[in-house]
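Structural overview for review
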Amino acid sequence: DAKTTQPPSMDCAEGRAANLPCNHSTISGNEYVYWYRQIHSQGPQYIIHGLKNNETNEMASLIITEDRKSSTLILPHATLRDTAVYYCIVRLSRAVGFGNEKLTFGTGTRLTIIP
Amino acid sequence: DSGVTQTPKHLITATGQRVTLRCSPRSGDLSVYWYQQSLDQGLQFLIQYYNGEERAKGNILERFSAQQFPDLHSELNLSSLELGDSALYFCASSAEFTSGRYNEQFFGPGTRLTVL
């Protein structure tokens with residue numbers, strides 16, 4: 001799985017868009033970009049994933065550069081409840097049960113939403 | 001609520017003891033994963049079970065073992081506990097391919113283990 005680099009911390013004003021960058025310059029052609037977050041000491045929560053096209057769901061948008069070497073997670077209208085550690089993970093998308101679906105978490109970005 | 005349950009929520013024990021952590025996956029999920037989160041090591045994968053069979057091992061100590069039962073719940077057994085085993089232990093489960101959300105892992109609330 002490709003290595004990722006994220007800033008250790010970021011602040012964002014409540015109501016503004018939070019843009020969290022991730023570098024994954026060694027990503028291979030069939031590796032996906034996944035984002036999870038962990039609020040305080042709760043279990044990590046899946047946010048979104050993508051391969052090369054931009055993706056959007058009810059939680060966030062994921063913008064992947066054309067060369068796929070970096071991506072940005074966008075929380076469009078950040079609230080205080082979005083304060084969390086955000087993890088960018090790059091790996092193959094694997095069928096469940098084959099024994100290689102583990103998630104490798106880095107140190108993530110600690111996002112603090114400021115009132 | 002992810003649908004994954006873990007018990008107990010907190011566990012305090014002494015060095016040298018043995019404990020068992022329990023996980024119930026989401027209904028229908030066959031795959032269960034165990035992760036450990038400590039202050040110095042971050043979130044690390046320990047072991048995976050799929051439909052009762054061990055599928056993958058990560059940085060799991062020999063003092064630790066796990067199993068998945070026919071009803072798909074899983075237990076993580078930690079023995080000869082040391083101070084350094086104090087951590088949050090998370091269980092996650094994963095469904096088969098559905099609508100592009102395959103491989104999403106749903107995490108439980110965790111068990112906080114304190115070894116004194």
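Turning next to the overall build of chain A. Regarding its fold elements, chain A presents zero helices and nine strands. Its helices and strands taken in sequence order, chain A reads β-β-β-β-β-β-β-β-β from the N to the C terminus. Taking 13 Å as the expected radius of gyration for a compact globule of 115 residues, we find that chain A reaches 14 Å, a close match to that expectation. By principal-axis analysis of the C-alpha atoms, chain A measures approximately 45 × 30 × 25 Å. By the burial criterion, 49% of the 115 residues in chain A qualify as buried. For chain A, long-range pairs separated by at least 24 residues make up 59% of all intrachain contacts whose partners lie at least 6 apart in sequence.

Turning our attention to the environment of Tyr89(B). Residues and elements named next belong to chain B. Considering the arrangement of structural elements, one finds Tyr89 in strand β9 (residues 87–94). Put simply, Tyr89 and Glu62 are 27 residues apart on the chain and 16 Å apart in space, counted from C-alpha to C-alpha. Other than its neighbours up to four places away in sequence, Tyr89 contacts Gln6, Leu21, Tyr35, Gln36, Leu46, Phe64, Leu76, Leu78, Gly110, Thr111 and Leu113. At 2.9 Å, the side chain of Tyr89 and the side chain of Gln36 are in polar contact. In terms of polar contacts, Tyr89 uses its side chain to reach the backbone carbonyl oxygen of Asp85, at 2.7 Å.

All names here are of chain A. The strand order across the open sheet built from five strands is β1-β9-β8-β3-β4, with neighbouring strands paired in mixed fashion. Pairing within the sheet leaves two strands with one partner each, and these edge strands are β1 (9–13) and β4 (45–50). Pairwise comparison of adjacent strand axes, ignoring direction, gives a mean angle of 25° for this sheet.

Further remarks concern the pairing of strand β2 (residues 18–23) of chain A. All names here are of chain A. Only one face of β2 is covered, namely the one carrying Ala18, Leu20 and Cys22; the face carrying Asn19, Pro21 and Asn23 has none of its residues buried. Where β2 lies against strand β7 (residues 70–75), six bridges are found, and the strand directions are antiparallel. Note on β7: the bridge partner recorded for Asn23 is Ser70.

How each quantity is defined
Residues numbered from 1 in each chain as written. Chains lettered and ligands numbered in written order. Predicted model: local features only at pLDDT ≥ 70, side-chain atom pairs only at ≥ 80, totals over all residues. Heavy atoms only, no water. Helix = DSSP H or I, 4+ residues; strand = E, 2+ residues; numbered from the N terminus. Rg over C-alpha atoms; globule rule 2.2 N^0.38 Å. Buried < 20%, exposed > 50% of the residue type's maximum accessible area, 1.4 Å probe, protein only. Contact = heavy atoms within 4.5 Å. Polar contact = N/O pair within 3.5 Å; in protein donor to acceptor, adjacent residues only side chain to side chain. Pairing = 2+ DSSP bridges. Axes fitted to C-alpha atoms, helices over the stretch in contact; angles between N-to-C directions.

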